[in-house]
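# Results of the structural survey
Spelled out, the chains give:
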Amino acid sequence: MALAVMLLNGASFHSGCCRNKVLLSLLGPLLSNSKLFSSYRRPGAEPKKKLSWQNADFSFKKGIDHLKTQLSLLKKETQDYIKGPGGRPVSQHLLEQTKVLWQFRSQEDLNKWVISSDVEIGGKSKVYLKLGRNNQAALLYGTLNTEVPRDGETKYSGYCSMRSRPEVGSFNRKKYYDWSNFNSLYLRVRGDGRPWMVNIYTDPYFSHQKDDLYSYFMFTRGGPYWEEIKIPFSKFFLSSQGRVQDNQHPIWLDKASFLTLGFTIGDKVDGPFQLEIDFIGLLTDRAHREEFAYEPYDKN
């Protein structure tokens, strides 16, 4: 791929008319889908000065050290797989009724999450993430600004989000969450009275499903007291690119579904916001028998 980019750069200097167009017509479809070369830039984003392959550090010693690290991870994953799900006996896995997925006690716990806002599209909202008082929670705070950037393309603005980083295994393989033994998401939070959207991002089988996510609302009551929120998975609805889909179906709680979990605020109210999160976990509620809260139907 690097050779293809060099050919394109060379063609622009050594040819006056046709050679560059021929190379672009032949290699354009290949490079358009590549992460190494792309002409698209989102409004408000700074142009990249160098291609990604030009920033690569080709070091033989680092490559050997990286290979040793990945092989050790693969060895541990194999041992855990032989022992049972998550490295525990099968009996313990089946009888488990609660599980803490994320808790925030150190900077390392915060590094598992990434924050974003409408600054990516030229907006003016600001969002920050830090440890709370006595390092006992994550504090997500900032300022929401619904002013639409004047780029002639963006129509809506005013959102901030916090999203977990996808877990990877040895050799950068995707790791998935197995939540099939639980039926509810359980959180301990303290908010300022503003509503939030809880999003579960999935790993799609097809490219046209890359924007699909399951969402549900989380209403905080404000005040100095913590609140424990339980959200059944049957309440999550499917949306794509901000639009609720007509064809609804429940979340598949197996390993092929979950990739990341996120929180988004976008209530169209300018001003400061904050949300403290103690932990995020799973719960098996035996009293909850609902399989899916929304009535599916067949389209004509």
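Residues numbered from 1 in each chain as written. Predicted model: local features only at pLDDT ≥ 70, side-chain atom pairs only at ≥ 80, totals over all residues. Heavy atoms only, no water.

So the rule is basically this: UniProt positions are given in the numbering used here, feature names are shortened, and annotations may be inferred rather than shown by experiment.
Going by the annotation in an unreviewed UniProt entry, the name recorded for the chain is Complex I intermediate-associated protein 30, mitochondrial, with Sitta europaea given as the source organism. Comment text from UniProt for the chain, heading Subcellular location (unreviewed entry), reads "Mitochondrion".

## Topic: the overall build of the chain
Our working definition: Helix numbering and strand numbering both begin at the N terminus, where a helix is a DSSP run of H or I of at least 4 residues and a strand a DSSP run of E of at least 2. Each residue is assigned to one of three classes by its accessible area relative to the maximum for its type, calculated with a 1.4 Å probe on protein chains only: buried under 20%, partly exposed between the two thresholds, exposed over 50%. Residues are treated as being in contact if the distance between any of their heavy atoms lies within 4.5 Å. Working definition of accessibility: Shrake-Rupley area with a 1.4 Å probe, residue cover restricted to the visible protein chains.
Along its length, the chain carries five helices and 13 strands. For the chain, the proportion of its 300 residues judged to be buried stands at 35%. Taking the intrachain contacts of the chain between residues at least 6 apart in sequence as the baseline, contacts between residues at least 24 apart amount to 72%. Total accessible area on the chain is roughly 19,800 Å²; 54% of this is exposed by carbon and sulfur atoms.

## Observations regarding the layout of surface pockets
To keep it simple, the criterion reads: Throughout, the protein atoms alone are placed on a 1 Å grid, and a set of points is a cavity if a 1.4 Å probe fits but cannot get out or a pocket if it is open with protein on both sides within 12 Å along at least five of seven lines; lining residues have an atom within 4 Å of a point. Grid points are joined across faces, edges and corners, and a volume is the space filled by probe spheres set on the points. Each residue receives one of three labels: charged for Asp, Glu, Lys and Arg, nonpolar for Ala, Val, Leu, Ile, Met, Phe, Trp, Tyr, Cys and Pro, and polar for the others, Gly being one of them.
Here the largest pocket defines a volume of roughly 1,700 Å³. Around the largest pocket, the lining is made up of 40 residues, and of these Y159, L213, Q241, G242 and T264 lie nearest the centre. Sorting the residues of the lining of the largest pocket by element identifies β2 (113-117), β5 (160-164), β7 (195-202), β8 (212-219), β10 (237-240), β11 (243-244) and β12 (258-265) as the ones contributing at least two each. Here the element with the most residues in the lining of the largest pocket is β7; it accounts for five residues. For the lining of the largest pocket, the class distribution of residues is 16 nonpolar, 13 polar and 11 charged.

## So, unusual backbone geometry
Although it is not a glycine, F171 adopts a positive phi angle of roughly 55 degrees. Following the sequence through the fold, F171 ends up in the loop between β5 and β6 (184-191). Positive phi, close to 60 degrees, is recorded for N172, a residue that is not glycine. Along the polypeptide, N172 turns up in the loop between β5 and β6. For N172, a relative accessible area of 57% puts it in the exposed group.

## Some details on the packing of aromatic side chains
Counted only if it meets this: Stacked, tilted and edge-to-face are the three classes applied to pairs of Phe, Tyr and Trp rings, where Trp contributes its six-membered ring and a pair requires centres within 6.5 Å; stacked means planes under 30 degrees apart, edge-to-face means over 60, and tilted covers the rest.
Taken as a whole, this structure holds 14 aromatic pairs when the rule is applied. Through pairs of rings, three or more aromatic residues link up here, namely W179, Y216, F217, F219, F233, F236, F237, F292 and Y294.

## Some words on the side chain of D285
Relative to the helices and strands, D285 is located in the segment after β13 (271-283). You can call D285 buried: its relative accessible area is 19%. Excluding residues within four positions of it along the chain, D285 makes contact with N183, S184 and K230.

## Section: the side chain of S184
To be explicit about the condition: Each polar contact in these results corresponds to two N or O atoms within 3.5 Å; when the atoms are within protein, one needs to be able to donate a hydrogen and the other to accept it, and residues that are neighboring in sequence are counted only if both atoms are side-chain atoms.
Along the chain, S184 turns up in strand β6. Within the structure, S184 has its side chain in polar contact with the side chain of N183 (distance 3.2 Å). S184 has contacts with K230, I231, P232, F233, G281, L282, L283 and D285, leaving out every residue within four places of it along the chain.

## A look at the pairing of strand β3 (residues 126-131)
The condition that has to hold: The pairing criterion for strands is at least two bridges between them, as found by DSSP.
Bridging between β3 and strand β4 (residues 138-144) involves six bridges; their strand directions are antiparallel. Bridge pairing links L131 to A138 in β4. Hairpin connection of β3 to β4: six residues between the antiparallel strands, including N134 at a positive phi of 60 degrees.

## As for the pattern of salt bridges
Heads up, the condition is: Criterion for a salt bridge: a side-chain nitrogen of Lys or Arg within 4 Å of a carboxyl oxygen of Asp or Glu.
Following the criterion strictly, the structure yields 10 salt bridges and no others. Its salt-bridge partner being E147, residue K124 comes within 3.3 Å of it at the nearest N-O pair. Note that K124 is positioned in the loop between β2 and β3 and E147 in the loop between β4 and β5, a separation of 23 residues in sequence. Classification of K124 as partly exposed rests on a relative accessible area of 46%. For D285, the salt bridge identified is with K230, shortest N-O distance 2.6 Å.

## Some remarks on the nonpolar core
Counted only if it meets this: In this description, a nonpolar core means a group of buried Ala, Val, Leu, Ile, Met, Phe, Trp, Tyr and Cys residues linked to one another through side-chain atoms lying within 4.5 Å.
F104, L185, M218, F236, F263 and I280 are the most contacted members of the largest nonpolar core, which has 36 residues in total. Tallying contributions element by element places β13 first for this core, with five residues. Non-local contacts of F236, meaning those with residues more than four positions away in its chain, are made with L185, V198, I200, Y214, S215, Y216, I231, I251, F292 and Y294.

## What to know about the confidence of the model for the chain
Any region with low pLDDT has predicted coordinates that should not be read closely. Put simply, the rule is: Confidence per residue, as judged by the predictor, is encoded in pLDDT with a range of 0 to 100.
Mean pLDDT over the chain: 80, with 80% of residues reaching 70 or higher. Taken together, the stretch residues 1-38 has pLDDT below 50 and engages in 26 contacts with residues farther than four places along the chain or on a different chain.

## Re a nonpolar patch on the surface
Rules: Two distance rules govern patches: like charges are joined within 9 Å, and nonpolar side chains (Val, Leu, Ile, Met, Phe, Trp, Tyr) within 5 Å, applied only to residues with over 30% relative accessible area and no salt bridge.
A cluster of nonpolar side chains, L67, L71, L74 and F171, forms an exposed patch at the surface whose accessible area comes to about 330 Å². Residue placement: L67 occurs in helix α3 (residues 60-83). Judged by its relative accessible area of 40%, L67 falls in the partly exposed class.

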